[in-house]
Amino acid sequence: TLSFQLVEGTADNISFNLLPGTRKSVHLDELPGLADAQVSTKVSSNRDVVAERAVYFDYNGKQGGHDSIGVSNVSGEWYLAEGYTGGDFDTWVLVQNPGTEAATVTLSFQLLSGTAEAHTFELAPGTRGSVHLDELPGLADAQVSTKVASDKPVVGERAEYFTYDGKQGGHDSIGTNMPRTTWYLAEGYTGGDFDTWVLIQNPGDEAA
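Residues numbered from 1 in each chain as written. Predicted model: local features only at pLDDT ≥ 70, side-chain atom pairs only at ≥ 80, totals over all residues. Heavy atoms only, no water.

A.B. asks: Explain the environment of Leu80 to me, using residue names and the numbers behind them.
C.D. replies: Residue placement: Leu80 occurs in strand S5 (residues 75–80). Looking at Leu80, the relative accessible area reads 4%, which means it is buried. A C-alpha to C-alpha distance of 8.1 Å links Leu80 and Val148, two positions 68 residues apart in sequence. What Leu80 contacts, discounting residues up to four positions off in sequence, is Val93, Ser145, Thr146, Val148, Gly156, Glu157, Arg158, Ser173, Ile174, Gly175 and Gln201. (Helix = DSSP H or I, 4+ residues; strand = E, 2+ residues; numbered from the N terminus. Buried < 20%, exposed > 50% of the residue type's maximum accessible area, 1.4 Å probe, protein only. Contact = heavy atoms within 4.5 Å.)

A.B. asks: Quick one: what's the story with the pattern of salt bridges, residue by residue and with numbers?
C.D. replies: For the structure on display, the rule yields 6 salt bridges. Residue Arg53 is joined to Glu157 by a salt bridge in which the shortest nitrogen-to-oxygen separation is 2.8 Å. Here Arg53, found in strand S3 (residues 52–59), pairs with Glu157, found in strand S10 (residues 144–164); they are 104 residues apart in sequence, far enough to count as distant. Of the charged contacts, one joins Asp172 and Arg53 as a salt bridge, the two residues approaching to 3.2 Å between their closest N and O atoms. Taken together, the residues Asp172 in strand S11 (residues 167–174) and Arg53 in strand S3 connect sequence positions 119 residues apart. Salt bridges here are not isolated pairs; linked through shared partners, they connect Arg53, Glu157 and Asp172. (Salt bridge = Lys/Arg side-chain N within 4 Å of Asp/Glu carboxyl O.)

A.B. asks: Please provide a residue-by-residue account of the nonpolar core, values included.
C.D. replies: Within the largest apolar cluster, 21 residues are counted, with the highest numbers of intra-cluster contacts made by Val95, Val105, Leu107, Phe109, Leu133, Leu139 and Val148. Elements represented by at least two residues in this core include exactly S5, strand S6 (89–97), strand S7 (103–111), strand S8 (119–123) and S10. Excluding its chain neighbours within four sequence positions, the residues that come into contact with Val95 are Val105, Phe121, Leu123, Thr127, Arg128, Gly129, Val148, Val154 and Val155. Core analysis: the second largest hydrophobic core is formed by 7 residues, Leu2, Ile14, Leu31 and Leu34 among them. (Core = buried A, V, L, I, M, F, W, Y, C linked by side-chain atoms within 4.5 Å.)

In structure tokens:
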């Protein structure tokens, strides 16, 4: 069963059977109430499955696609290491509230230097919110990591759209709900016209 959290309004759930050893793709644009919507999705199943989300876009002339695996839990904290608002980059933080209570959500920011004010907003139950970091005070031209803190369990994700050295596109990642001392990054390539960056966020109060 897929249920949906919108910025406003509602959309009907959809349910289907998935045979063993198979997969299914659901095009949200074709579903009632989702033809022109900002939408988060909750996937529920009576058996163990795996859920992922792909988006293909033309965002202010930037054409491309991005994708993220889902998460299997909601949390009061999410960490998003990547973010850039300079040049022709746009960074969005997406917060999903699939619960039945309103959530007070605070975004705090880790920069290369300096500080930016935290941003707090209310997220009604069964809705989602999109925050454009480029428009917030102190973040107009910044390399920025984000901590999402909420008094009710939510889900935090980060999407970015860009023109980078003539390359147009976008990328996206779900957050993690816990900093750790070890991380593994399987992908990386620096040949040809490739640039690989590793982004490190320290949301703590001690040097790492």
